[in-house]
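# Summary of the model geometry
Okay, here's what each chain looks like letter by letter:
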Amino acid sequence: MPAPSLHEIEIDQIPSDHPIAVFTQYFEKHKNRHGLLVAEEVDVLTFPTVLPWVLILDELGSKNSEDHTFIYRFVGTGCATLFGVDYTGFLFGDSLPPEATEARYREFLRVQETRKPIYTYTSVPLEGREFKEIYRCCFPATKSGSDLVDRFYCVIAETDRRIRPRP
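Throughout what follows, the structure given in this document is the object of discussion. (Residues numbered from 1 in each chain as written. Predicted model: local features only at pLDDT ≥ 70, side-chain atom pairs only at ≥ 80, totals over all residues. Heavy atoms only, no water.)

### Some details on the state of the cysteines
Cut-off, in case you're wondering: When two cysteine sulfur atoms lie within 2.5 Å, the pair is treated as a disulfide. Throughout, exposure labels follow a simple rule: accessible area from a 1.4 Å probe, protein chains only, divided by the maximum for the residue type, with under 20% read as buried, over 50% as exposed, and the rest as partly exposed.
Inspection of the entire model under this criterion finds zero disulfides. Free cysteine: Cys154, not disulfide-bonded; nearest cysteine sulfur from Cys138 at 3.7 Å. Residue Cys154 is classed as buried on the basis of its relative accessible area of 1%.

If you want it as structure tokens, here you go:
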């Protein structure tokens, strides 16, 4: 089964009550002067309705390495249900089709380079789940507070998922 393509979209194509739109508001309000979320400053209690749809990935290795390896640090319950597996602690790509891994890997590298979120529309790239249409967004972050993008907050949910933003 070929992996579905990632179709890049703009945030205004995503409904304002979708988890990605709600997290975008948080990101815009809390990003630092480098355009990144600082991991130690992220307060998940300010976006509890989004948390089930969040994946947190960290880059492993040194900032001078050409080898980019990512690990799932956190997988929200909504994402685990959507994918049928909790990827927490897995290396990125361990159970994705190679084409899907490569497309998302390129996305992470582009987010590192541009320091800007990338919004996409696709379907779940796993056999038996490919009928589920999703919006995805990968947000840049730093673990250290520097200008190094070494953490990603990805928000992934079905296109018809709606949540109530916290007042």
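### Quick word on empty space enclosed by the protein
The criterion, for reference: Two kinds of site are reported from a 1 Å grid over the protein atoms alone, namely cavities, where a 1.4 Å probe fits but cannot get out, and pockets, open sets with protein on both sides within 12 Å along at least five of seven lines, and residues are called lining when an atom falls within 4 Å of a point. Grid points are joined across faces, edges and corners, and a volume is the space filled by probe spheres set on the points. The numbering of helices and of strands both runs from the N terminus, where a helix is a DSSP run of H or I of at least 4 residues and a strand a run of E of at least 2. Residue type decides the class: Asp, Glu, Lys and Arg count as charged, Ala, Val, Leu, Ile, Met, Phe, Trp, Tyr, Cys and Pro as nonpolar, and the leftover types, Gly among them, as polar.
Applying the stated criterion to the full structure yields one cavity of 30 Å³ or more. Roughly 140 Å³ of internal volume is contained in the largest cavity. In terms of lining, the largest cavity is formed by 14 residues, of which the most central are Tyr72, Phe83, Arg104, Arg136 and Ile156. Secondary-structure elements contributing two or more residues to the lining of the largest cavity are β3 (54-60), α3 (98-114), β6 (133-142) and β7 (151-158). Among the residues making up the lining of the largest cavity, the classes are represented as 12 nonpolar, no polar and two charged.

### Considerations on the side chain of Thr122
Along the chain, Thr122 falls in strand β5 (residues 118-123). Residue class for Thr122 comes out buried when judged on its relative accessible area of 3%.

### Describing the pattern of salt bridges
When the charged atoms of two side chains lie near each other, side chains of opposite charge can form a pair. For clarity, the threshold we go by: Counted as salt bridges are all cases of a side-chain nitrogen of Lys or Arg within 4 Å of a carboxyl oxygen of Asp or Glu.
Under the definition given, this model contains nine salt bridges. Residue Asp17 is joined to Arg162 by a salt bridge in which the shortest nitrogen-to-oxygen separation is 3.1 Å. Of the two residues, Asp17 is situated in the loop between β1 (7-9) and α1 (19-30) and Arg162 in the segment after β7; the sequence distance between them amounts to 145 residues. On the accessibility criterion, Asp17 (29% relative accessible area) is partly exposed. In this structure, Arg73 and Asp58 form a salt bridge, with 3.0 Å as the shortest nitrogen-oxygen distance. One end of the pair, Arg73, is in strand β4 (residues 69-75); the other, Asp58, is in strand β3, with 15 residues separating them in the sequence. The exposure class assigned to Arg73 is partly exposed, which follows from its relative accessible area of 43%.

### Some words on the environment of Thr77
Within the element layout of this structure, Thr77 appears in helix α2 (residues 77-83). A relative accessible area of 61% places Thr77 in the exposed class. Here the alpha-carbon distance between Thr77 and Glu41, two residues 36 residues apart in the chain, equals 22 Å.

### A word on the nonpolar core
The condition is simple: Buried Ala, Val, Leu, Ile, Met, Phe, Trp, Tyr and Cys residues that are joined via side-chain atoms within 4.5 Å together make up what is termed a nonpolar core. The contact criterion used throughout is that any non-hydrogen atoms of two residues lie within 4.5 Å.
Membership of the largest hydrophobic core comes to 25 residues, with the highest contact counts inside it found for Phe23, Leu37, Val50, Phe139, Tyr153 and Val155. Elements that contribute at least two residues to this core include exactly α1, β3, β6 and β7. Tallying contributions element by element places α1 first for this core, with six residues. Apart from residues no more than four positions distant in its own chain, Phe139 is found in contact with Ile20, Phe23, Thr24, Phe27, Val111, Pro117, Tyr119, Arg151, Phe152, Tyr153 and Val155. Counting residues in hydrophobic clusters, the runner-up holds 24 residues, among them Leu55, Tyr72, Tyr87 and Cys138.

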